[in-house]
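So you can see what is in the structure, the chains are spelled out below.
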There are 2 protein chains.
Amino acid sequence: MAWSNVASNYKKAINRDINPDLASERKSTFNIETLTNILDGGAENTRLRRSVEEEIHSDPVLSRENIYFKTRQERYEGSVRNTFHLITKIKQKGWINDGLHDYYIYRALGGELALNIHGVFLRSIQALGTDEQVAKWIPLANSYSIIGTYAQTELGHGTYLRGLETTATFDVDTQEFIVNTPNITATKWWPGDLGKTCTHAVVLAQLYSKGKNYGMHPFIVQIRSLQDHSALPGITVGDIGPKMAFENIDNGFLVLNNIRIPKENMLSRFSEILPDGTYVKRGSDKINYFTMIAVRVTMIRNEVLGALIKACVIAVRYSVVRRQSELKPGEKEAKILDYQTQQHKLLPLVATSYAIYFTATYVSKVYEQVYQEIKANNFESLPELHALAAGVKAFATEICSNGVEVCRKACGGHGYSLFSGIPTLYTKVVASCTYEGENTVLHLQASRFLIKCFAAAQLGHKLSPTTAYLSSPDSGSCQANSHVDFLNPDIYLKAYQHRAYRLIASAAKKLHSLIQSGMEEYLARNSTSVELVNASITHCHYTVVKFFVEELKSLGDPDIQKVLKSVCDLYALHGIVTNAGDFLRDGYLSGKQMEMVTTAYLHLLSVIRKDAVPLVDAFDYRDEQLLSALGAYDGHVYQHLFEWAQKNPDNKKGNSIFENVLKPYLHRGQSKL
Amino acid sequence: MAWSNVASNYKKAINRDINPDLASERKSTFNIETLTNILDGGAENTRLRRSVEEEIHSDPVLSRENIYFKTRQERYEGSVRNTFHLITKIKQKGWINDGLHDYYIYRALGGELALNIHGVFLRSIQALGTDEQVAKWIPLANSYSIIGTYAQTELGHGTYLRGLETTATFDVDTQEFIVNTPNITATKWWPGDLGKTCTHAVVLAQLYSKGKNYGMHPFIVQIRSLQDHSALPGITVGDIGPKMAFENIDNGFLVLNNIRIPKENMLSRFSEILPDGTYVKRGSDKINYFTMIAVRVTMIRNEVLGALIKACVIAVRYSVVRRQSELKPGEKEAKILDYQTQQHKLLPLVATSYAIYFTATYVSKVYEQVYQEIKANNFESLPELHALAAGVKAFATEICSNGVEVCRKACGGHGYSLFSGIPTLYTKVVASCTYEGENTVLHLQASRFLIKCFAAAQLGHKLSPTTAYLSSPDSGSCQANSHVDFLNPDIYLKAYQHRAYRLIASAAKKLHSLIQSGMEEYLARNSTSVELVNASITHCHYTVVKFFVEELKSLGDPDIQKVLKSVCDLYALHGIVTNAGDFLRDGYLSGKQMEMVTTAYLHLLSVIRKDAVPLVDAFDYRDEQLLSALGAYDGHVYQHLFEWAQKNPDNKKGNSIFENVLKPYLHRGQSKL
């Protein structure tokens with residue numbers, strides 16, 4: 001009984017089998033492995049992913065154990081070590097560069113890697129350089145003889161690219177560009193790998209020739225010596241300091257004091273300066289625009305959604321192990337997932353994970369299709385894809401980040417410990433609301449497209465698939481007569497469609513009437529911008545529900561179809577309950593119908609409760625990826641917390657804290673004790 | 001023009017006057033100093049606060065410069081140093097222990113102090129100890145001859161106190177208690193000051209005597225040697241590891257292996273074990289209950305609201321310095337606060353800061369009143385105060401935490417840098433949603449009181465002030481005919497009252513009908529719990545609007561009354577817009593009226609925009625308290641960011657990173673360059 005004897009050697013004492021409270025939750029109404037295969041895009045992918053993960057997690061060099069005790073410097077050094085170690089491993093194993101392997105590696109290591117922007121440096125040279133430039137620089141970069149970064153954002157300039165202030169002035173006499181930071185706000189700020197690592201940078205700068213400004217262009221600038229890595233003369237470079245997360249990344253700053261680079265260092269696939277200083281534009285650089293979209297499409301699955309899923313895995317598993325308070329008086333304390341309030345916090349987020357997963361899959365397909373069109377020089381679908389990617393990026397990053405924090409809080413006090421694994425997920429994923437396009441700016445961009453489509457529909461033009469509903473508004477009201485009717489996807493899809501239509505139409509109308517009343521367009525847009533953002537959000541929300549419903553149809557397995565149908569219903573009805581005003585405003589739903597939605601929603605919570613653990617298990621994250629004492633597969637929450645606390649290096653310092661810190665201050669009155 | 005020359009010595013070059021973009025915003029429609037005096041509770045308090053702050057900020061020992069570069073250990077040691085240094089300073093200056101000085105010190109140092117739980121240790125002995133126990137222990141604790149903590153929470157037990165497992169068994173033979181940790185889940189976990197600092201603890205344990213359990217009681221247990229600070233035999237103690245914030249606090253764990261303590265160490269004001277093992281209860285310990293309420297009341301102003309206010313100060317100031325994108329084509333880039341979407345993010349939070357400030361003031365008054373009653377042995381108002389404090393604690397911590405994150409994101413990329421000051425505010429303040437009562441649990445507690453009051457009202461009983469509206473429901477609909485009508489507090493107060501009434505009545509009805517239908521009460525409560533939480537939230541929301549409206553009336557200065565009237569309107573209307581469904585559901589507001597609310601709300605944004613900077617300046621936070629490059633009083637955002645980055649110790653390591661980290665990996669092909 002005296003457990004305290006166990007404290008020092010509890011490893012022997014605890015049962016390393018599965019905690020029975022968790023084990024009993026793993027009976028599912030469907031085959032978990034089949035769902036895992038679906039989520040991986042096929043059983044073959046599952047096998048490949050697991051083999052990559054096994055390689056990585058059995059390699060001690062790549063272990064992330066003890067990551068919560070590491071300093072920024074240790075995290076940085078560890079990432080550099082991981083990255084170079086992996087470069088060798090990838091060669092040895094013959095892993096190919098097919099997008100999948102990269103993703104599996106990233107997933108296994110939670111992005112604890114360095115040289116992320118070196119890849120952007122490479123791709124920008126490939127995309128923007130001439131054949132000669134590619135031939136010169138790519139082999140150097142591929143062999144890591146040089147390490148590059150991509151320096152665009154400045155201290156005073158982010159969103160608005162035309163506002164960048166760094167200049168590159170052509171000097172006809174020497175056939176060089178003089179690259180300069182004219183002002184403190186022009187300091188390059190934020191590029192990853194710049195602070196400590198890179199030797200070269202693709203610098204975005206305002207091109208000047210013969211006194212004339214030709215706008216933003218890319219230039220290769222050497223930053224540091226290849227001999228001793230010191231900053232070259234005229235260059236001030238360093239790390240911008242600690243951030244909310246990304247401790248392993250050396251985001252940096254760069255001041256260029258009239259640095260001279262040869263004419264050949266301007267990346268010249270699409271434009272060039274002739275020796276006499278004449279500017280020549282060549283072809284269209286629309287394809288670059290496409291690169292930005294590609295990043296937004298892939299980041300949702302690879303960086304953003306994974307954080308929400310992992311938080312759900314951790315919080316759901318913990319919630320069937322953690323017991324707190326008597327539910328039924330006199331009985332054992334209840335699993336916290338049996339409280340309706342806990343289900344209300346977590347299960348809609350499990351549903352959101354699936355919704356965003358299927359959305360990301362769908363958007364990827366659209367992307368592939370448009371990519372093929374573009375290769376055939378057909379740019380017609382580009383605006384739609386751009387709007388879709390912008391809106392979905394903003395929508396998904398926002399709900400995934402907020403969702404992670406809800407999961408964390410749902411774990412109570414222990415959720416606040418880094419050992420839960422969730423604080424680190426949150427502080428990292430929330431950055432995605434800002435990078436690759438600030439979310440409000442993206443929603444405003446997407447709304448421009450929606451307003452255009454709305455106007456086109458008014459004129460009777462045919463619209464592209466994602467906005468076709470703007471041509472045929474449903475002006476009636478919801479036909480549901482009971483709470484069961486709300487489990488019909490047609491019913492809730494129509495409600496979402498109606499809501500999006502109403503908000504887009506209403507924003508368009510306001511904008512139009514303000515302009516008609518004599519207001520300048522820019523002011524009218526600004527005065528409508530809160531509504532325009534809402535219009536984009538409701539369009540995205542409709543799109544996500546629609547994609548989920550459509551992807552459901554293609555699932556072969558009836559058990560899985562059944563459980564995911566409930567998950568889809570839960571996602572859709574939760575969205576109606578939490579945005580009730582939008583659906584009630586014009587009477588599309590009546591108050592009575594809203595009560596039916598609430599009833600259906602609360603009932604679904606108890607239905608999905610039963611499959612909660614299998615639904616998160618299916619995402620197949622290993623303990624080495626979750627890094628969570630609360631979410632480990634075996635459910636031995638308290639043993640893991642206790643064990644991890646023993647590893648805290650602070651506990652090793654022992655009495656030195658007393659000697660060095662406390663003792664000088666304490667005046668003792670020991671005789672009294 | 002070549003700014004880059006300035007990089008190394010820009011200090012000389014920049015203008016240390018106020019950034020003109022910020023200076024031009026400081027013309028206000030009211031006297032800022034007068035508002036500051038109101039917020040401080042009088043000009044005398046303002047003077048006192050400023051004198052305390054001046055003392056602290058002119059003392060180099062207490063400087064928090066470079067805090068963003070510090071390790072956990074450095075933060076801990078710094079806090080210990082700060083605390084002992086302050087103990088001396090407080091004596092020297094003759095600062096009295098009146099609540100105000102403590103608050104001003106906490107505010108000045110942002111809580112970067114140690115021994116916070118030592119105070120709880122002291123107060124619990126004072127409250128729970130006999131006169132002899134107080135006489136023995138208090139002088140030792142006051143002189144820091146011993147350092148104490150309060151060990152209640154266990155690894156497996158938080159919310160549900162009755163579930164705590166630590167035992168204290170009386171041994172009649174030796175007249176000792178045997179205090180023991182019977183199980184891993186009984187490990188004391190989380191107490192502050194326990195990990196590295198304390199020598200003693202008040203341990204909460206299940207009292208056993210003669211085989212019978214008498215429930216939770218407090219015992220003083222010595223943990224560490226006073227000679228060398230090592231753990232005493234049978235005690236396993238240490239730090240629980242890193243958390244989302246509170247790097248300076250050594251939250252700890254404690255395993256007690258049948259530790260024997262003398263009978264006199266049970267704190268015995270309210271109950272005692274006689275030498276023969278008989279348990280004797282003495283008087284009521286209701287007063288303890290009151291201590292918990294006191295903490296919830298004071299933490300809102302002292303810990304929680306300050307974070308939101310500071311985030312608002314930083315984000316608002318930054319938003320008039322940061323310029324991004326052309327608003328009017330061809331003109332200078334616009335201040336981001338001139339975008340409606342930015343106003344929509346920040347100004348409701350400025351309004352929330354004022355709303356919660358006035359609420360905290362009001363709740364403190366109620367608290368004082370009830371305290372006087374209780375001293376006269378009248379406990380009648382205690383349930384109401386308990387519910388009020390629980391609900392407001394949950395409501396305020398939630399919106400303040402979320403608000404800080406909105407402010408941070410509204411600062412774009414730079415908001416993600418620790419130098420913005422906001423990440424650190426968020427990761428710390430969000431803990432308040434969990435500690436001192438988890439928010440969902442608190443709302444459920446508050447809703448119990450509301451349901452009781454509702455039932456009492458049905459029976460015609462008179463209700464206490466905060467719930468009196470449950471006796472007289474407004475069954476009609478909103479009388480507003482134009483958007484201007486919504487600037488009438490009577491109109492929006494009635495709407496909030498109606499909403500709260502409807503949600504409380506609806507939850508009560510559901511609960512009642514489930515029980516009537518034969519469901520066991522505990523299941524019925526659980527099946528209604530999502531609605532019960534919403535009932536409490538809407539009641540709190542109404543209460544906050546009501547307190548704000550009432551406090552407005554007492555403001556003497558007409559200019560300030562005018563601007564704060566608009567702030568109050570904005571707070572109230574923003575709440576209606578963002579919770580539209582609740583107001584539309586039963587037709588209390590029509591869709592058309594909701595449009596009027598939106599119009600009134602958007603118009604208020606442009607009104608308050610003009611006073612935005614004065615409204616945040618009035619809270620009078622100094623740069624040493626904001627610790628923000630973005631929010632400094634002088635508005636030299638970019639200079640501060642640049643300067644702070646230069647101080648990054650990582651930048652001092654220079655080439656060592658190359659030698660130790662990068663060089664071993666790089667294979668160079670320099671001949672090609």
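Residues numbered from 1 in each chain as written. Chains lettered and ligands numbered in written order. Predicted model: local features only at pLDDT ≥ 70, side-chain atom pairs only at ≥ 80, totals over all residues. Heavy atoms only, no water.

### Examining the interface of chain B and chain A
Stage number 1. Across the contact, 141 residues belong to chain B and 141 residues belong to chain A.
Stage number 2. Between chain B and chain A we count ten salt bridges in total.
Stage number 3. With its nearest N and O atoms 3.5 Å apart, the salt bridge here joins Arg72(A) to Asp650(B).
Stage number 4. At the junction of chain B with chain A, the criterion picks out 51 residue pairs in polar contact (both at pLDDT 80 or more).
Stage number 5. Ranked by the residues each element gives to the side of chain B that touches chain A, the list is headed by helix α5 (residues 72–93) of chain B, at seven residues. (Contact = heavy atoms within 4.5 Å. Salt bridge = Lys/Arg side-chain N within 4 Å of Asp/Glu carboxyl O. Polar contact = N/O pair within 3.5 Å; in protein donor to acceptor, adjacent residues only side chain to side chain. Helix = DSSP H or I, 4+ residues; strand = E, 2+ residues; numbered from the N terminus.)

### Some remarks on empty space enclosed by the protein
Stage number 1. Tallied over the full model, the rule gives three cavities of 30 Å³ or more.
Stage number 2. Here the largest cavity defines a volume of roughly 80 Å³.
Stage number 3. Those elements that place two or more of their residues in the lining of the largest cavity are α11 (382–410), α14 (439–458) and α17 (529–553) of chain A.
Stage number 4. Computed from the structure, the second largest cavity encloses a volume of approximately 60 Å³.
Stage number 5. In this structure, the second largest cavity is lined by Glu384(B), Ala387(B), Leu388(B), Gly391(B), Ala446(B), Phe449(B), Leu450(B), Thr466(B), Thr467(B), Ser536(B), His539(B) and Cys540(B).
Stage number 6. For the lining of the second largest cavity, the secondary structure elements donating two or more residues are α11 (382–410), α14 (439–458) and α17 (529–553) of chain B.
Stage number 7. A total of four residues in the lining of the second largest cavity trace back to one element, the largest contributor, which is α11(B).
Stage number 8. Among the residues making up the lining of the second largest cavity, the classes are represented as six nonpolar, five polar and one charged. (1 Å grid on protein atoms, 1.4 Å probe; cavity = no way out; pocket = protein on both sides within 12 Å on 5 of 7 lines; lining within 4 Å. Points joined across faces, edges and corners; volume = space filled by probe spheres on them. Nonpolar A, V, L, I, M, F, W, Y, C, P; charged D, E, K, R; others polar.)

### Quick look at helix α18 (residues 558–578) of chain A
Stage number 1. If you check α18(A), its first and last C-alpha atoms are 30 Å apart, about what 21 residues at 1.5 Å a residue would give, namely 30 Å.
Stage number 2. Near the N-terminus of α18(A), the side chain that reaches the backbone nitrogen of Asp559(A), with its oxygen 2.9 Å away, is that of Asp557(A). (Expected span 1.5 Å × (residues − 1).)

### A look at the environment of Lys212(A)
Stage number 1. Considering the arrangement of structural elements, one finds Lys212(A) in strand β6 (residues 212–222).
Stage number 2. For Lys212(A) and Pro191(A), which are 21 residues apart along the polypeptide, the C-alpha to C-alpha distance reads 28 Å.

### Things to note about the sheet that holds strand β8 (residues 252–256) of chain A
Stage number 1. Strand order in the open sheet formed by three strands is β4-β8-β7 (chain A), and the pairing between neighbours is antiparallel. The open sheet terminates on both sides in strands that have one partner only, identified here as β4 (188–189) and β7 (235–239) of chain A.
Stage number 2. Helix α23 (residues 637–646) of chain B contacts β4, β7 and β8 of chain A of the sheet and is inclined by roughly 110° relative to β8(A). (Pairing = 2+ DSSP bridges. Axes fitted to C-alpha atoms, helices over the stretch in contact; angles between N-to-C directions.)

### Quick word on the confidence of the model for chain A
As a general rule, the predicted coordinates of low-pLDDT regions are not to be interpreted in detail.
Residues and elements named next belong to chain A.
Stage number 1. Chain-level pLDDT for chain A is 93 on average; 96% of the residues reach the 70-or-more range.
Stage number 2. With pLDDT under 50 throughout, residues 669–673 is counted as low confidence; its partners more than four residues away or in other chains account for ten contacts.
Stage number 3. Here the prediction assigns the complex a pTM of 0.96, and the interface score ipTM is 0.96. (pLDDT = per-residue confidence, 0-100.)

### Things to note about the packing of aromatic side chains
Stage number 1. One pass over the full model with this rule turns up 47 aromatic pairs over all chains.
Stage number 2. Ring centres of Tyr68(B) and Trp644(B) lie 6.5 Å apart, and the angle between their planes is 35°; on these two criteria the pair is classed as tilted. Of this pair, Tyr68(B) sits in the loop between α4 (43–57) and α5 while Trp644(B) is found in helix α23, placing the two residues 576 residues apart along the sequence. Across the pair, exposure class does not vary: Tyr68(B) and Trp644(B) are buried alike.
Stage number 3. Note on Phe177(B) and Phe219(B): the rings are 5.0 Å apart at their centroids and 65° apart in plane angle, and the pair reads as edge-to-face. Separated by 42 residues along the polypeptide, Phe177(B) in strand β3 (residues 176–180) and Phe219(B) in strand β6 (residues 212–222) bring together distant segments of the chain.
Stage number 4. By relative accessible area, Phe177(B) is classed as buried at 0%.
Stage number 5. Here the aromatic residues Tyr68(A), Phe69(A), Phe419(A) and Trp644(A) are joined through ring pairs into a cluster of three or more.
Stage number 6. Directly above the aromatic system of Tyr633(A) lies the positively charged group of Arg26(A), at a separation of 3.6 Å from the ring centroid. (Phe/Tyr/Trp six-rings, centres within 6.5 Å; stacked < 30°, edge-to-face > 60°. Buried < 20%, exposed > 50% of the residue type's maximum accessible area, 1.4 Å probe, protein only. Lys NZ or Arg CZ within 6 Å of the ring centre and 35° of its normal.)

### Considerations on the side chain of Asn648(A)
Stage number 1. Counting through the fold element by element, Asn648(A) comes out in the loop between α23 (637–646) and α24 (656–662).
Stage number 2. The exposure class assigned to Asn648(A) is buried, which follows from its relative accessible area of 1%.
Stage number 3. From its side chain, Asn648(A) meets the backbone nitrogen of Asp650(A) in a polar contact 2.9 Å long.
Stage number 4. Contacts of Asn648(A), omitting those with residues within four sequence positions, involve Phe69(A), Arg72(B), Asp239(B), Ile240(B) and Gly241(B).

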